[in-house]
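Residue strings, one per chain:
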Amino acid sequence: MKTGLKLIAAAVGLVLVAATLMPGSLRAGDVRTLRGELAIEENNAAPEVHAVREGKPLDRAYRQQPPLIPHKVDRYEIDLKVNQCLRCHDWPNNTRENAPKVSETHYQDRQGNRLDQIAGTRWFCTQCHVPQTDALPLVENRFTPANAAR
């Protein structure tokens, strides 16, 4: 057991020595801070955060696109037992809350049988529906809606 530990320690030591002797290895002056040129006492300005455009629905880009959510949902609980979206969007609460009612397709199982409650396959709303945002795309995207002039 002790011999094995000695061998491991020797191997780690050799790797460290080899790394410092390799051409192109880091030198003390090569290490730079992620903070840029700011001193430690200074803080970078907070980045601009793109906000959710509440209450202003966006057009759909293609047929059958799930509608975007026009409000924040980051604190909504959706798990196997609770779905807070349904407090406002399930019938009959949607009329009292002035919220769009869940589509009738969400009350059908995979075989097309009508159900009295949301189907388990449609339970996790944020699986398809996402909050709308003004965030810029992370990668280039040349998508154009189906009804856009070409």
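The structure presented is a predicted model; accordingly, all values stated were derived computationally and were not measured.

1. Quick word on the packing of aromatic side chains
Inference 1: Across all of its chains, the model carries 1 aromatic pair by this definition.
Inference 2: Centre to centre, the rings of Tyr-62 and Phe-143 are 6.5 Å apart; their planes meet at 85°, and the pair counts as edge-to-face. Taken together, the positions of Tyr-62 in the loop between helix H1 (2–21) and helix H2 (86–89) and Phe-143 in the segment after helix H3 (93–97) put the pair 81 residues apart, joining distant regions of the chain.
Inference 3: Take Tyr-62: its relative accessible area is 44%, and that puts it in the partly exposed class.

2. As for the nonpolar core
Inference 1: Residues Leu-86, Val-102, Tyr-107, Ile-118 and Trp-123 constitute the largest nonpolar core, which totals 5 residues.
Inference 2: Once residues lying within four places of it in the same chain are set aside, the contact partners of Tyr-107 are Asp-90, Trp-91, Lys-101, Val-102, Asn-113, Arg-114, Leu-115, Asp-116, Gln-117 and Ile-118.

3. Section: the side chain of Asn-83
Inference 1: Relative to the assigned elements, Asn-83 resides in the loop between H1 and H2.
Inference 2: What makes Asn-83 buried here is its relative accessible area of 8%.
Inference 3: Polar side-chain contacts of Asn-83 include one of 2.9 Å to the backbone nitrogen of Cys-85.
Inference 4: Within the structure, the side chain of Asn-83 is placed 2.5 Å from the backbone oxygen of Trp-123, a separation counted as a polar contact.
Inference 5: Discounting chain neighbours no more than four positions away, the residues touching Asn-83 are Glu-77, Ile-78, Trp-123 and Cys-125.

4. Considering unusual backbone geometry
Inference 1: The peptide bond linking Trp-91 to Pro-92 adopts the cis configuration, its omega dihedral lying at 0°.
Inference 2: Structurally, the position occupied by Pro-92 is in the loop between H2 and H3.
Inference 3: Backbone geometry places Asn-98, a non-glycine residue, at a positive phi of 55°.
Inference 4: With respect to the helices, strands and loops of the structure, Asn-98 is situated in the segment after H3.

5. A few points about the pattern of salt bridges
Inference 1: Counted according to the given criterion, the structure contains 3 salt bridges.
Inference 2: Between Lys-101 and Glu-104 there is a salt bridge, with its nearest N and O atoms 2.5 Å apart.
Inference 3: Residue classification places Glu-104 among the partly exposed residues on the basis of a relative accessible area of 38%.
Inference 4: Of the charged contacts in the structure, one is a salt bridge between Arg-114 and Glu-104, with a shortest N-O distance of 2.9 Å. Here Arg-114, found in the segment after H3, pairs with Glu-104, found in the segment after H3; they are 10 residues apart in sequence, far enough to count as distant.
Inference 5: Residue classification places Arg-114 among the exposed residues on the basis of a relative accessible area of 52%.
Inference 6: Taken together, the salt bridges that share partners define one network made up of Lys-101, Glu-104 and Arg-114.

Here is what the cut-offs are and how they apply
- Residues numbered from 1 in each chain as written.
- Predicted model: local features only at pLDDT ≥ 70, side-chain atom pairs only at ≥ 80, totals over all residues.
- Heavy atoms only, no water.
- Phe/Tyr/Trp six-rings, centres within 6.5 Å; stacked < 30°, edge-to-face > 60°.
- Helix = DSSP H or I, 4+ residues; strand = E, 2+ residues; numbered from the N terminus.
- Buried < 20%, exposed > 50% of the residue type's maximum accessible area, 1.4 Å probe, protein only.
- Core = buried A, V, L, I, M, F, W, Y, C linked by side-chain atoms within 4.5 Å.
- Contact = heavy atoms within 4.5 Å.
- Polar contact = N/O pair within 3.5 Å; in protein donor to acceptor, adjacent residues only side chain to side chain.
- Salt bridge = Lys/Arg side-chain N within 4 Å of Asp/Glu carboxyl O.

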